Amino acid sequence: MIKVSVMYPNSKDVQFDVDYYKNSHLPMVSKLVGNALKGMELDLGIGSRVPGEPAPYIAIAHLLFEDVASFQESFGPHAKVFADDIKNYSNVQGELQISELINL
């Protein structure tokens, strides 16, 4: 199992429409990638290791897939649609990381 994390860096000038992201963008992603998507979570940053400092990321979406190939096959054909939608919810680009999940 792999986790694809899309992390949106936080800054004083960042704009991020949580409602749009949660209720429009992520459901669109889920619909277009279909059954390849095994699960999804959304983290909203509320703080950092230093009390009173903002979180390093305003939002992080985690998408679960069986493997890298299933992610690439289901996500790749729609990557432009997903990228074109960013302007509807944020003024920052997300950073994407693919991680292998290891149960401990």
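No experiment lies behind these values; they were computed from the predicted model shown. (Residues numbered from 1 in each chain as written. Predicted model: local features only at pLDDT ≥ 70, side-chain atom pairs only at ≥ 80, totals over all residues. Heavy atoms only, no water.)

A. Spotlight on the environment of Phe71. With respect to the element layout, Phe71 can be found in helix α2 (residues 68-75). A relative accessible area of 7% means that Phe71 is categorised as buried. For the pair Phe71 and Val33, spaced 38 residues apart in sequence, the C-alpha to C-alpha distance is 8.2 Å. Phe71 has contacts with Ile2, Val4, Phe65, Gly76, Leu96 and Ile98, leaving out every residue within four places of it along the chain. (Helix = DSSP H or I, 4+ residues; strand = E, 2+ residues; numbered from the N terminus. Buried < 20%, exposed > 50% of the residue type's maximum accessible area, 1.4 Å probe, protein only. Contact = heavy atoms within 4.5 Å.)

B. Region of interest: the UniProt feature "domain: EthD" (unreviewed entry) in the protein chain. UniProt records the feature "domain: EthD" (unreviewed entry) at residues 17-88, using the numbering of this structure. The span residues 17-88 shows a helical share of 43% and a strand share of 21%, and its end C-alpha atoms are spaced 8 Å apart. (UniProt positions renumbered as here; feature names shortened; annotations may be inferred.)

C. Structural view of the side chain of Ser70. Secondary-structure assignment places Ser70 in helix α2. Relative accessible area serves as the criterion here: at 17%, Ser70 is assigned to the buried category. In contact with Ser70, other than residues within four places in its own chain, are Ala36 and Phe65.

D. Inspection of helix α1 (residues 18-33) at higher detail. End to end, α1 covers 21 Å across 16 residues, agreeing with the expected 22 Å (1.5 Å per residue, within 8%). For α1, the principal kink sits at His25 and spans about 25°; a proline, Pro27, occurs within the next four residues. Residues of α1 that are buried: Tyr21, His25, Leu26, Val29 and Val33. Those residues of α1 hidden inside the fold are in contact with β1 (2-9), β2 (39-44), β3 (57-65), α2 and α3 (79-85). If you check the start of α1, you find a side-chain oxygen 3.2 Å away from the backbone N of Asp19, and it comes from Asp17. (Expected span 1.5 Å × (residues − 1). Bend = angle between axes of the 7 residues up to and from the residue. Polar contact = N/O pair within 3.5 Å; in protein donor to acceptor, adjacent residues only side chain to side chain.)

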